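Here is what each chain is made of, one letter per residue.
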Amino acid sequence: MALIDESDREFFRENGYVKLEGVVPDRLCEAVVEDIFEFTGRDPDDPETWFRTPKGMDEQFSAAGMLELYHRQSMWDVRQHPRTYQAFAELLDEERLWVSIDRVNMTPPSREDHPDLDHGFVHWDVDLAAVPTPIPRPHGVQGVVYLDDTSAGQGGFCCVPELYREIDEEWLVERRSNREDPTELTEADLADYDVEFVPGERGDLVIWDRLTPHGNGTNDAEEPRFAQYVLMFPEAFADAERRDARVRSWRESRAPPGDPFPGDPRELEAETGPAELTPLGRKLLGADPWPNWQ
């Protein structure tokens, strides 16, 4: 049964993102949340612990709620879940995909004494100076799984569809010529646009075009926001060197080499050994070839 219909595709083309409901089972999401609490040493029943920096780490390793977790079994179970793969395969119209080795997020409620965890902002993760013309749509995709129910004011995914629709070749030229850092968005840039906050339930998957300005909001709720970042991309964009690095990262349970994120200085994941992969998971990692590997 298809996950994406024509109305989803049209919404994605028009707005630069689409939310797919109930893609990941509750049990898989709950397992990741349990691992987040175990990794951080926080207590789900004690809100005061939600703001503690994990023992053995400093604040830079959990700024904005991002956590240096990459290879827990629970995280790979989300990545290699057949419906997660199906969603990306249908949207990209491509079966031979690799999955990102990315992180998780736990954003506690906003508090003045913890500004590092109150980091709502809108940005691009793509180098706008390197976007080719004519502009491909989508220009790659990104994704996030809601690991728990997330209200519009709980610090979850937000984006600016109106600005996405304005991006064309002329807009890119102007942006590149007038900005030292074209990917940076200021409050003034967004003054004439509405930032759209996207609530969701546990197991929902949001996929967005990399050209969509996006970010996380401020968590004004009473509960933390939990999310896992998952994206997939065509295997054709990868090479043997990158494949070897990804497989080594999985086998050693460490952050990918050359990754812009610092990794866990305690290397706790390395103590547990590699996560078990299904036949689909091995292909998504690159450990096994897709059919007709060249």
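The structure contained in this document is the topic of the report that follows. (Residues numbered from 1 in each chain as written. Predicted model: local features only at pLDDT ≥ 70, side-chain atom pairs only at ≥ 80, totals over all residues. Heavy atoms only, no water.)

## As for the pattern of salt bridges
Per the counting criterion, the structure on display carries 17 salt bridges. Glu-14 serves as the salt-bridge partner of Arg-165, at 3.7 Å between the closest nitrogen and oxygen. With Arg-165 in helix α5 (residues 161-166) and Glu-14 in helix α1 (residues 6-15), this pair connects stretches of sequence that are 151 residues apart. Residue class for Arg-165 comes out partly exposed when judged on its relative accessible area of 41%. Between Glu-38 and Arg-72 there is a salt bridge; the shortest N-O distance is 2.9 Å. Linking Glu-38 in helix α2 (residues 26-40) with Arg-72 in the loop between β2 (66-67) and α3 (73-79), this pair joins segments that are 34 residues apart in sequence. Among the residues examined, Arg-72 registers a relative accessible area of 12% and is labelled buried. Taken together, the shared-partner salt bridges in this structure form one network comprising Asp-26, Glu-30, Asp-148 and Arg-202. (Salt bridge = Lys/Arg side-chain N within 4 Å of Asp/Glu carboxyl O. Helix = DSSP H or I, 4+ residues; strand = E, 2+ residues; numbered from the N terminus. Buried < 20%, exposed > 50% of the residue type's maximum accessible area, 1.4 Å probe, protein only.)

## Here's the deal with a negative patch on the surface
Where like charges cluster on the molecular surface, the negative patch consists of Glu-162, Glu-166, Asp-168, Glu-169, Glu-170, Glu-174, Asp-192, Asp-194 and Glu-196. Secondary-structure elements contributing two or more residues to the negative patch are α5 and α6 (169-178). Broken down by element, the negative patch gets its largest block of residues, three residues, from α6. Topologically, Glu-174 is positioned in helix α6. On the basis of relative accessibility, which here comes to 48%, the residue Glu-174 falls in the partly exposed class. (Patch = residues over 30% accessible without salt bridge, like charges linked within 9 Å, V, L, I, M, F, W, Y side chains within 5 Å. Areas by Shrake-Rupley, 256 points an atom, 1.4 Å probe, with all protein chains shown as cover. Lys, Arg positive; Asp, Glu negative; His and termini not counted. Charge placed at Lys NZ, Arg CZ, Asp CG, Glu CD.)

## Re the sheet that holds strand β11 (residues 225-229)
Read across the open sheet, the six strands follow the order β1-β9-β6-β11-β4-β2; overall the sheet is antiparallel. Single-partner strands in this sheet number two, and they are β1 (17-20) and β2. Strands β1, β6 (141-146) and β9 (205-209) of the sheet are contacted by helix α4 (residues 82-92), whose axis makes an angle of about 30° with β9. (Pairing = 2+ DSSP bridges. Contact = heavy atoms within 4.5 Å. Axes fitted to C-alpha atoms, helices over the stretch in contact; angles between N-to-C directions.)

## Side note on the sheet that holds strand β8 (residues 196-197)
Reading across the sheet, the four strands line up as β5-β10-β7-β8 and stay open at both edges, with antiparallel pairing between neighbours. The open sheet has two edge strands with one neighbour each: β5 (121-123) and β8. Relative to β8, strand β7 (residues 157-159) runs antiparallel, the two being bridged by two bridges. For Cys-158, the partnering residue across the bridge sits in β8 and is Phe-197.

## Here we look at the nonpolar core
Formed by 53 residues in total, the largest nonpolar core has its most connected members in Ile-36 and Ile-207. Residue contributions to this core peak at seven residues, all from α2. Discounting residues that sit within four places of it in the chain, Ile-36 has contacts with Leu-67, Leu-69, Val-104, Asn-105, Met-106, Leu-147 and Phe-226. Formed by 17 residues, the second largest nonpolar core is a distinct cluster that contains Val-122, Ile-135, Leu-163 and Ile-167. (Core = buried A, V, L, I, M, F, W, Y, C linked by side-chain atoms within 4.5 Å.)

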